[in-house]
Amino acid sequence: MVLPEGFVVPPWYMVVPAAVILGGVIALLWAIEPPVTDRTVLAFAPWMMFGATLHVLYKMGAFPSTIEPLFTAPMVYVVTAIIAGLAWVVGVFLHVGGLQPTIPRFVGVAGTAFFTVFTMFALFRSIQTGTFDPFWPVISVVIAGIVTALAWLVLSLWFTDVAATTGTTGALVVFAHTLDGVTTAVGYDVLGAGENVPLSLLLLEAGEALPTAEYVGAGWLFVLVKVALALVIVGLFREYVADRPQQGRTILALVAAVGLGPAVHNVLLFTVM
């Protein structure tokens with residue numbers, strides 16, 4: 001078993017319409033073929049974070065019971081993909097109509113607005129309940145930023161072509177999975193949080209069994225594996241991005257989302273609960 005515990009399947013009358021709408025959005029995007037550049041991938045980063053915020057709000061009990069199943073995992077990812085995809089479609093038509101200078105600009109601004117509004121709601125709610133505690137989440141983000149910078153510097157010095165070809169997309173992949181690793185390690189070692197993903201728990205337990213656990217905790221091994229895996233993936237996609245940049249960057253964006261979504265979920269959850 002490699003999937004996290006706690007996955008919830010909503011009622012069929014929510015799943016079926018959501019699947020049909022998502023399929024329609026994907027088909028429309030396939031037909032209009034919007035360009036996928038580094039700026040496009042970066043513009044979708046707030047949407048990845050927005051999905052994590054929705055799931056945290058679900059855990060806070062912020063949604064009415066009638067729509068609550070839409071924000072469980074993995075349904076929340078479908079809902080986020082639909083909203084982000086529609087924003088992308090709207091951005092394309094606004095750009096074609098001369099109402100927006102670039103598509104990524106509209107997508108990024110819209111995603112940032114959604115993420116900011118819902119995140120502020122979660123923060124205000126936690127302040128009211130007295131659970132607001134940003135210390136360790138902020139430390140986690142700072143550590144992740146430093147580790148990412150060092151890892152990308154190493155990649156740029158020894159594998160210059162990989163860093164140059166994958167660009168901002170590759171850097172986002174590394175940061176996303178580094179932040180996921182650091183927040184998971186901090187949660188496990190410092191905050192006493194559990195880990196529901198069996199493979200992640202296996203790495204954490206392996207780190208806990210090492211003699212170094214007494215001095216630096218168990219999570220360092222998990223962080224190391226996450227960073228190394230992200231760098232390997234970016235390296236493996238260098239040629240694909242060079243030959244087919246649109247498809248290559250799209251797949252790397254999905255890889256980044258797999259890391260950034262859970263990472264921001266951890267940051268926000270540790271802050272508000």
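Nothing here was measured: the structure is a model prediction, and the numbers come from that model.

Conventions adopted
Residue indices begin from 1 for each chain and proceed along its sequence in written order. At least 70 in pLDDT is required for a residue's local features to be given in this predicted model, at least 80 for side-chain atom pairs to be given and counted, and no such filter applies to totals for whole chains, interfaces and linings, which use all residues. Side-chain descriptors were evaluated using all non-hydrogen atoms of the structure, hydrogens and water having been removed beforehand. Secondary structure elements follow DSSP: runs of H or I of four or more residues count as helices, runs of E of two or more count as strands, with numbering from the N terminus. Based on C-alpha atoms, the radius of gyration is set beside the globule rule, defined as 2.2 Å times the residue count to the power 0.38. Under the convention used throughout, the expected extent of a helix is 1.5 Å for every residue step, that is, one less than its residue count. Between buried and exposed lies partly exposed: a residue is buried under 20% and exposed over 50% of the maximum accessible area for its type, with that area taken using a 1.4 Å probe on protein chains only. By arc we mean the arc of the directions from the helix axis to the C-beta atoms, nothing more. Any Phe, Tyr or Trp ring, taking Trp's six-membered ring, that has another such ring centre within 6.5 Å forms a pair; planes under 30 degrees apart are called stacked, those over 60 apart edge-to-face, and the others tilted.

Caption draft 1: A look at the overall build of the protein chain. Scanning the protein chain from terminus to terminus reveals 12 helices and zero strands. The N-to-C order of helical and strand elements in the protein chain reads α-α-α-α-α-α-α-α-α-α-α-α. For the protein chain, the C-alpha radius of gyration of 19 Å lies close to 19 Å, the compact-globule estimate for 273 residues. Taking the principal axes of the C-alpha coordinates as reference, the protein chain spans close to 60 × 50 × 35 Å.

Caption draft 2: Local environment of helix α8 (residues 198-209). The first and last C-alpha atoms of α8 sit 16 Å apart over 12 residues, in line with the 16 Å expected at 1.5 Å per residue. All of the buried residues in α8 are S200, L204 and G207. For α8, the angular spread of buried residues about the axis comes to 60 degrees, placing them on one side. Relative to its buried face, α8 has exposed residues pointing more than 90 degrees away, namely L202 and A209.

Caption draft 3: Here's a closer look at the packing of aromatic side chains. Going through the model one piece at a time under the given rule, you end up with nine aromatic pairs. Their ring planes at 80 degrees and their centres at 6.0 Å tell us that W12 and Y13 sit as a pair that is edge-to-face. No difference in accessibility class separates W12 from Y13, as the two residues are exposed. Seen in terms of ring centroids, F44 and W88 are 5.0 Å apart; in terms of plane orientation they differ by 70 degrees. Their pairing is edge-to-face. Taken together, the residues F44 in the loop between α2 (38-43) and α3 (45-59) and W88 in helix α4 (residues 75-96) connect sequence positions 44 residues apart. The exposure class of F44 is buried, given its relative accessible area of 15%. Members of the aromatic cluster, connected to one another through ring pairs, are W47, F50, F114 and F118.

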